[in-house]
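# Architecture at a glance
This is what each chain is made of:
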Amino acid sequence: MGLGLGPFELILVFAVMLLMFGAKRLPELASGMGKGIRGFKQALNGVEEQSAADPSAQAPPASPAPARTALPDPLSAP
C-alpha cells in the first residue's frame, strides 16, 4: 500500500513542508491531522457497528422539500 515515493521524494516533501509551515507549526499540524483521521475512523466504525447491530435502525426517508413560490418582482410593483 505504498504511495510509490522513494526516500528522496519523502525528504523533498518534508523539506517543502518545513519551509512552508515552520518547525513549530509542523507538530501541531500532524497532531491535528492524526486526531481528524482517528475521529473519521471512529465515525466509520460507529456507523458500521450501528447498522450491523440493528439493520432496521436506518435513517428515515427524507421529507419532500417545500414547494418554492415565486416572489413578486419589486421593480414591477405599482
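As a starting point, this report considers the structure included with it. Here the structure is a predicted model, which means the values were calculated and not measured.

Conventions used here
Here, residues in each chain are numbered from 1, in the same order as that chain's written sequence. Restriction of local features to residues with pLDDT of at least 70 applies here, the model being predicted, together with a cutoff of 80 or more for giving and counting side-chain atom pairs; totals for whole chains, interfaces and linings are based on all residues. Hydrogens are left out, water is left out, and the side-chain values use all remaining heavy atoms of the structure. Secondary structure elements follow DSSP: runs of H or I of four or more residues count as helices, runs of E of two or more count as strands, with numbering from the N terminus. A 1.4 Å probe rolled over the protein chains alone gives each residue an accessible area, and that area as a share of the maximum for its type sets the label: buried under 20%, exposed over 50%, partly exposed in between. Here the open area of atoms and residues is found with the Shrake-Rupley method and a 1.4 Å probe, where only the protein chains shown may cover a residue. Residues form patches when they are more than 30% accessible in relative terms and have no salt bridge. Like charges link within 9 Å. Nonpolar side chains (Val, Leu, Ile, Met, Phe, Trp, Tyr) link within 5 Å. Each reported salt bridge corresponds to a side-chain nitrogen of Lys or Arg within 4 Å of a carboxyl oxygen of Asp or Glu. Here, expected helix span is obtained from the residue count minus one, scaled by 1.5 Å.

What follows concerns the overall build of the protein chain. Each helix and strand counted, the protein chain has two helices and zero strands in total. Counting the 78 residues in the protein chain, one finds 1% classified as buried. Working note: accessible area of the protein chain is about 7,600 Å², and carbon and sulfur atoms make up 68% of it.

Moving on, we come to a nonpolar patch on the surface. A surface patch of nonpolar side chains, about 680 Å² in accessible area, is lined by F8, L12, V13, V16, M17, M20 and F21. Tracing the sequence through the fold places F8 in helix 1 (residues 7–21).

Given 3.6 residues per helical turn, the α-helix brings residues three or four places apart onto the same face. Across its 15 residues, helix 1 extends 21 Å between first and last C-alpha, which sits within 8% of the 21 Å expected from 1.5 Å per residue. Where helix 1 terminates, the next one or two residues include G22, which has phi positive at roughly 90°.

Here the focus is the pattern of salt bridges. Overall, the coordinates contain one salt bridge when judged by the stated rule. The salt bridge partner of R25 is E28, with a shortest N-O separation of 2.9 Å. Of this pair, R25 and E28 both sit in helix 2 (residues 25–53), separated by three residues, roughly a single helical turn. On the basis of relative accessible area, R25 is assigned to the partly exposed category, the value being 41%. A relative accessible area of 49% places E28 in the partly exposed class.

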